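Here is what each chain is made of, one letter per residue.
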Amino acid sequence: MPFNDNAEAILAALNHSDFKKKFGHYQIKDWEKQIFSSQSFENVLLSEIAKTVLGIRHSSKKFPPLVEEPFVMMPPPEKLNAAQSSSSVTANVKKQISNPYKRIVDLCGGFGIDAYYMQEGKDLVHIEPSLLVHETAKFNFRNNSNVACLHSTAEEYWKTHHFEKGDLFYADPSRVNDKQQRVSVLENYLPDVSGLPKMCHENKIGLLFKLSPMLDIELLKAQWREFAFDVHLVVVNNELKDLLLHFGLDSMEQIFVHHIVDGNDTVFDVKGSLFSIHNCTEPRFVYDPNPAFKKLRVNGFLAGKFALTEANGFLVSEDYKEGFPGKVFEITETIELDKTTKKRLLKARLSVVSRHPNLNSQTIEKRYKLVPDTFNFLLCFERNEKATMFLAKRKY
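All figures in this text were calculated on a predicted structure; none of them were measured in a lab.

A. Main features of the sheet that holds strand 15 (residues 326-335). The 7 strands are arranged 13-14-12-15-18-17-16 in an open sheet whose pairing can be described as mixed. Each having just a single partner strand, strand 13 (309-311) and strand 16 (351-354) make up the two edges of the open sheet. On average, each strand axis in the sheet is tilted by 40 degrees relative to the strand beside it, whichever way the strands run. Here strand 15 pairs with strand 18 (residues 386-394) via 6 bridges, running antiparallel. Looking at strand 18, one finds that Thr334 is bridged to Phe390. Helix 13 (residues 299-306) rests against strand 12 (285-289), strand 13 and strand 14 (314-317) of the sheet, and its axis sits at about 15 degrees to strand 14. Sitting on the sheet, helix 15 (residues 361-368) is in contact with strand 16, strand 17 (376-383) and strand 18, with an inclination near 140 degrees to strand 16.

Below, the structure is given as structure tokens:
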């Protein structure tokens, strides 16, 4: 491997009983000190072992099931860009989408997190232009005869290789250009995948994109209006992680939200007409949709599905609704805005969620010098042309 020429020897050292006795108690700070060590263990430089251990530990929070495998190698931290890498949780969503396909071509392979999950029970081609990352993935997939790792650019591959109906192209293009600048326009991603929908449509093969969740879905629909695709928004613990576009042969332009909490995926099909809105006169519970539903602007859908009432960006009810995809607050008190309000709220431990058009969360926090809290909240929205505030506790 480029960052060490003896991956098998490092693997053997890591699993050696004497190594575990001597270094098993080492923490990250201990291994960082060994980066420049000239010592060896079983003819392997301790500095190379340290780099590998640090790479694995650096990755452990993002994809623990993968790094728990005894054969997995990761590049050292300074070479490991895990920011755009999929987590094991989000990779499982892509596995579900790719299940119907016979073969998968991962055009932007990276460290192979998505490939690791999608390759089960089918053939997979892993394409990676970086030699360092390619060799890492090649080593990790050395026992998977169904995975072919190619050191190539995506453009070289789709121009020179034959593909068949039943294949799926998967592309997670880099949002950093060759000058290491973050880009926001799809055409500036590396590689430029904007022409792939047309090529895949003409060759009758599937296409799955992983794109920045910040992209405007309506603009993407306009850009590829000739082609049908399904949208999958993946939310993990109330944070929008992935925007996936699936150009399948039977795509029906559906929109799915995957609301994942503690590894459990609840899928909402939000395409279609909005439901009727229920009336709530005395709200007791306040619901703040997860980022995917906010992006889609489908509060009416949630109101109908959970029998809620819309209230200036929030949804409210008199009784608690199980399974809501987002934050849920229980109102404990209504705050009247008068001369005593500032005295009462000053320096209180409260996080703020505001939907008032002229009074944002930062303004309220600054005005009352509030200290953010995990469970206690101040909710603000406009009602009858006046600011209404509630004290509330986070229920979910």
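Right, picking up where we left off after that structure.
B. Quick look at the side chain of Asn290. Looking at where Asn290 falls in the secondary structure, it is placed in the loop between strand 12 and helix 12 (291-296). The buried category is assigned to Asn290, whose relative accessible area is 0%. In terms of polar contacts, Asn290 uses its side chain to reach the side chain of His259, at 2.9 Å. Sequence-distant contacts of Asn290, that is, excluding residues within four places in its chain, are made with Val235, Asn238, Val257, His259, Pro325 and Gly326.

C. Representation of the sheet that holds strand 9 (residues 239-247) within the structure. Strand order in the open sheet formed by 9 strands is 5-4-3-6-7-9-8-10-11, with mixed pairing between adjacent strands. The sheet terminates laterally at strand 5 (147-151) and strand 11 (264-269), the two strands that pair on one side only. Adjacent strand axes in the sheet meet at a mean angle of 20 degrees when their direction is disregarded. As defined by bridge partners, strand 8 (residues 230-236) adjoins strand 9 across 7 bridges and the pair is classed as antiparallel.

D. A look at the environment of Cys108. Mapped onto the elements, Cys108 comes out in the loop between strand 3 (103-106) and helix 7 (113-118). Look at Cys108 and you get buried, because its relative accessible area is 15%. Placed 65 residues apart in sequence, Cys108 and Pro173 show a C-alpha to C-alpha distance of 6.1 Å.

E. The arrangement of the pattern of salt bridges in detail. What the rule picks out here adds up to 15 salt bridges. Of the charged contacts in the structure, one is a salt bridge between Asp172 and Arg175, with a shortest N-O distance of 3.8 Å. Of the two residues examined, Asp172 and Arg175, each falls in the buried class. With a closest N to O distance of 4.0 Å, Lys210 and Asp242 form a salt bridge. A residue pair is termed long-range when its members are at least 10 positions apart, and Lys210 in strand 7 (residues 206-211) and Asp242 in strand 9 qualify at 32 residues. Each of Lys94, Asp114, Asp172, Arg175, Lys210 and Asp242 takes part in a single network of salt bridges with overlapping partners.

F. Examining the packing of aromatic side chains more closely. Per the counting criterion, the structure on display carries 20 aromatic pairs. Ring centres 5.1 Å apart and planes at 80 degrees place the aromatic pair Tyr116 and Tyr117 in the edge-to-face group. Each member of the pair, Tyr116 together with Tyr117, is buried. Here the basic side chain of Arg355 rests over the ring of Phe314, its NZ or CZ set 5.0 Å away from the ring centre.

G. Fine view of unusual backbone geometry. For the peptide bond that leads from Leu190 to Pro191, omega is -5 degrees, which places it in the cis range. Considering the arrangement of structural elements, one finds Pro191 in the loop between strand 6 (167-171) and helix 10 (196-202). Despite not being glycine, Asn238 shows a phi value in the positive range, around 70 degrees. As for its position among the elements, Asn238 is in the loop between strand 8 and strand 9. A positive phi angle is found at Ala307, which is not glycine, with a value near 55 degrees.

H. Main features of the pairing of strand 11. Relative to strand 11, strand 10 (residues 255-261) runs antiparallel, the two being bridged by 6 bridges. For Val257, the partnering residue across the bridge sits in strand 11 and is Phe268. The hairpin turn running from strand 10 into strand 11, its antiparallel successor, is 2 residues long, and Asp262 in that turn takes a positive phi close to 50 degrees.

Cut-offs used in this document
Residues numbered from 1 in each chain as written. Predicted model: local features only at pLDDT ≥ 70, side-chain atom pairs only at ≥ 80, totals over all residues. Heavy atoms only, no water. Pairing = 2+ DSSP bridges. Helix = DSSP H or I, 4+ residues; strand = E, 2+ residues; numbered from the N terminus. Axes fitted to C-alpha atoms, helices over the stretch in contact; angles between N-to-C directions. Contact = heavy atoms within 4.5 Å. Buried < 20%, exposed > 50% of the residue type's maximum accessible area, 1.4 Å probe, protein only. Polar contact = N/O pair within 3.5 Å; in protein donor to acceptor, adjacent residues only side chain to side chain. Salt bridge = Lys/Arg side-chain N within 4 Å of Asp/Glu carboxyl O. Phe/Tyr/Trp six-rings, centres within 6.5 Å; stacked < 30°, edge-to-face > 60°. Lys NZ or Arg CZ within 6 Å of the ring centre and 35° of its normal.

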